[in-house]
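As a plain string of letters, each chain reads:
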Amino acid sequence: MADESKPQPQAPKHAIQTRGLNLWYGDFQALFDVDFDVRAGRVTGLIGPSGCGKSTLLRSINRIVERLGYVRTTGTIDVLGHDIFGANVELLQVRKQIGMVFQRPNPLPLSIRDNVLFGLRTHRDGDRKSRPSKEVEAQIVEESLRTVLLWDKVKDRLGEPAIRLSLEEQQKLCIARLLPVKPRVLLMDEPCSALDPDGTAAVEELIWSLKGDYTILIVTHNMAQARRATEECAFMLHGKLVEHTETAKMFVSPKNQSTADYIEGRYG
Amino acid sequence: MQHEDVRDFHWYVDKAMASLVFLGGISAIVFIIGIFLFITREGLGFITDGLDLREFFFDPAWRPTSDSNPTYGAFALIAGTASITGLAVLLSIPFSIGAAIYIAEFAQGRTREILKILIELLAAIPSVVWGFIGLSIMNPLIIDMFDVPVGLNILNAGVILALMAAPIMTTIAEDALKAVPDRYREAAEALGATRWQVTLKVVLPAAKHGLMAAVLLGVGRGFGETMAVLMASGHSINVPDSIFDSVRALTATIAAELGETAVGSEHYQALFTLGILLFAVTFIINLTADLVMRGIKRS
């Protein structure tokens, strides 16, 4: 608790906090009473066997899980100090603060440039005065693509459809397009599972370079990845959060027996 | 070495069914070639002897029954069909695409299912019933509303045809929207787009080929429609200059006149020539729609 001695009013210690979070898909309860704190500026991994609720938890943080229509939630989720279910909080503002990367790279069927600018254009819709000039847009595109180490590869073909990129490049683009709206939190749902080892390494390196500036929460199936690419880890089982601690600690001396069994590969 | 005879009962059934299914499969090709050969043969005499291409395409005078000087100018008929179909498609596009967007992107659960059933039901109404509606409901309504002497005109036929073309356009457009992968919507929503922004900026552009095919098939549907157009258009030979003019369509001309002509006469053959024109145009429209749709599947 050394942090609390320093006055940091603008930077809360936890970027994401859930309390008593329950979630049902129809009659099926997927999350049970989850109390989860994600520290700001760190890379936190969510691990656990298939169907343990880790993706559900991730997807409830930007409320994208509600697309399904038959989802019911109780409890609270605070992101950067705001209750995202609050009546005075706008869902679109929430999503502006929280970028999401999906399991399969899903660039929009637009050009590379338009993919990067999509979020920006979406959020200033109806506000024509703030329309940035072509030069500003070009600068934003370059900055974002440089951040994800893609600029040199695509700078001469920004007008090409994003679908033509390799999967690894597509996934990097999917991260790049989150950046122009300046989110504070990045949610990643198995971001490397569709990539080959080289692509995985490249994207992991990118994630590592983004920590500090962004709070990153990654769902992963891959134990080795959780171990090398996260700072903290949370283990889930049957919809419950079992254990959450420093990655190094979790992989060396897990407190909970089921965590230990999972990490050692006895099930899952 | 002797091979064992494997031809038991099931072997014969299998072969028989295979040939039967094959016949079913190629029957469509056989029929379409047959129909084409038939109408070509019936119309060929006129095309080779009597047909003056200039007259046929540019002369508005369709006077096949004139004793002294029969003329076969199809221009007014082509203009009639084109104006009715054009108006119908213009009216139909916003409704069909709108309905398709609502069903595919916004409606949920039961509403969606009920709407789909109702739209399919709309497609099942016989065209003579539509014609009847044009004749007995639309006609007085148009006379009243616009203060024109005749209510059987392009507007009437166009509205009726728009209603008839809407179901097929809606269904095809909805399929096109549904074919847009859901991960695009998810991606855009996660970026903070509203449902409408997702539809406008992501789904519609991604589905544009399918939507175009939907419109083309609607055009094809309008082009070929006969009975409703015959009843609602006024059926008078006329190159229109407003939507309140009565016109006559190609299809309606064939339907109304074929029974009155002597088989093999010049008039009879001229009607078949109109048939060839209709066949060619609808064939091209459908083929284009099909190619456009195949184009999206490949990419």
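Residues numbered from 1 in each chain as written. Chains lettered and ligands numbered in written order. Predicted model: local features only at pLDDT ≥ 70, side-chain atom pairs only at ≥ 80, totals over all residues. Heavy atoms only, no water.

Per an unreviewed UniProt entry, chain B goes by Phosphate transport system permease protein and derives from Enhygromyxa salina. Entered under Function (unreviewed entry) in the UniProt record, the comment concerning chain B runs "Part of the binding-protein-dependent transport system for phosphate; probably responsible for the translocation of the substrate across the membrane." Under the heading Sequence similarities (unreviewed entry), UniProt records this for chain B: "Belongs to the binding-protein-dependent transport system permease family. CysTW subfamily." (UniProt positions renumbered as here; feature names shortened; annotations may be inferred.)

The name that an unreviewed UniProt entry assigns to chain A is Phosphate import ATP-binding protein PstB, with the source organism given as Enhygromyxa salina.

(A) Structural detail: the UniProt feature "domain: ABC transmembrane type-1" (unreviewed entry) in chain B. Under the UniProt annotation, "domain: ABC transmembrane type-1" (unreviewed entry) lies at residues 78-289 of chain B. Split by type, residues 78-289 of chain B is 78% helix and 0% strand. Its first and last C-alpha atoms lie 21 Å apart. (Helix = DSSP H or I, 4+ residues; strand = E, 2+ residues; numbered from the N terminus.)

(B) The interface of chain A and chain B, seen in detail. Each partner contributes to the interface: chain A provides 25 residues, whereas chain B provides 17 residues. Among the residues chain A hides against chain B, the three largest losses belong to Arg67(A), Pro109(A) and Phe118(A). Together they make up 29% of the total. Linking chain A to chain B there are three salt bridges. For the pair chain A and chain B, the number of links is seven residue pairs in polar contact (both at pLDDT 80 or more). Sorting the residues of the side of chain A that touches chain B by element identifies α2 (91-97), β6 (98-101) and α3 (112-123) of chain A as the ones contributing at least two each. Grouping the constituent residues of the side of chain A that touches chain B by class yields 13 nonpolar, five polar and seven charged. (Contact = heavy atoms within 4.5 Å. Buried area = accessible area lost by both parts, 1.4 Å probe. Salt bridge = Lys/Arg side-chain N within 4 Å of Asp/Glu carboxyl O. Polar contact = N/O pair within 3.5 Å; in protein donor to acceptor, adjacent residues only side chain to side chain. Nonpolar A, V, L, I, M, F, W, Y, C, P; charged D, E, K, R; others polar.)

(C) Region of interest: the packing of aromatic side chains. Residues and elements named next belong to chain B. Applying the stated criterion to the full structure yields 10 aromatic pairs over all chains. Between Phe146 and Phe244, the aromatic rings sit 5.0 Å apart at their centres with planes inclined by 45 degrees, giving tilted as the arrangement. Taken as a pair, Phe146 in helix α5 (residues 127-146) and Phe244 in the loop between α10 (227-232) and α11 (250-257) lie far apart in primary sequence, 98 residues in all. The class for Phe146 is partly exposed, based on a relative accessible area of 38%. Both rings, one in Phe279 and one in Phe283, keep their centres 6.3 Å apart while their planes meet at 5 degrees; by these two values the pair is stacked. Here Phe283 and Phe279 lie together in helix α12 (residues 266-298), a separation of four residues that amounts to about one turn. Exposure remark for Phe283: the relative accessible area of 43% places this residue in the partly exposed category. (Phe/Tyr/Trp six-rings, centres within 6.5 Å; stacked < 30°, edge-to-face > 60°. Buried < 20%, exposed > 50% of the residue type's maximum accessible area, 1.4 Å probe, protein only.)

(D) Geometry of the sheet that holds strand β4 (residues 71-79) of chain A. Residue and element names in this part refer to chain A. With respect to topology, four strands assemble into an open sheet ordered β2-β1-β4-β5, the strand pairing being antiparallel. Strands with a single pairing partner mark the edges of an open sheet, and in this sheet they are β2 (28-39) and β5 (82-83). Pairing geometry for strand β1 (residues 14-25) and β4, over eight bridges, is antiparallel. Its bridge partner lying in β4, Gln17 is registered against Asp78. (Pairing = 2+ DSSP bridges.)

(E) Structural context of the UniProt feature "transmembrane region" (unreviewed entry) in chain B. All names here are of chain B. Sequence positions flagged by UniProt for "transmembrane region" (unreviewed entry) are, in local numbering, residues 20-39, 72-105, 117-142, 154-177, 198-219 and 268-289. With 88% helix and 0% strand, the stretch residues 117-142 has end C-alpha atoms that lie 30 Å from each other. With 100% helix and 0% strand, residues 154-177 has its two end C-alpha atoms placed 31 Å apart.

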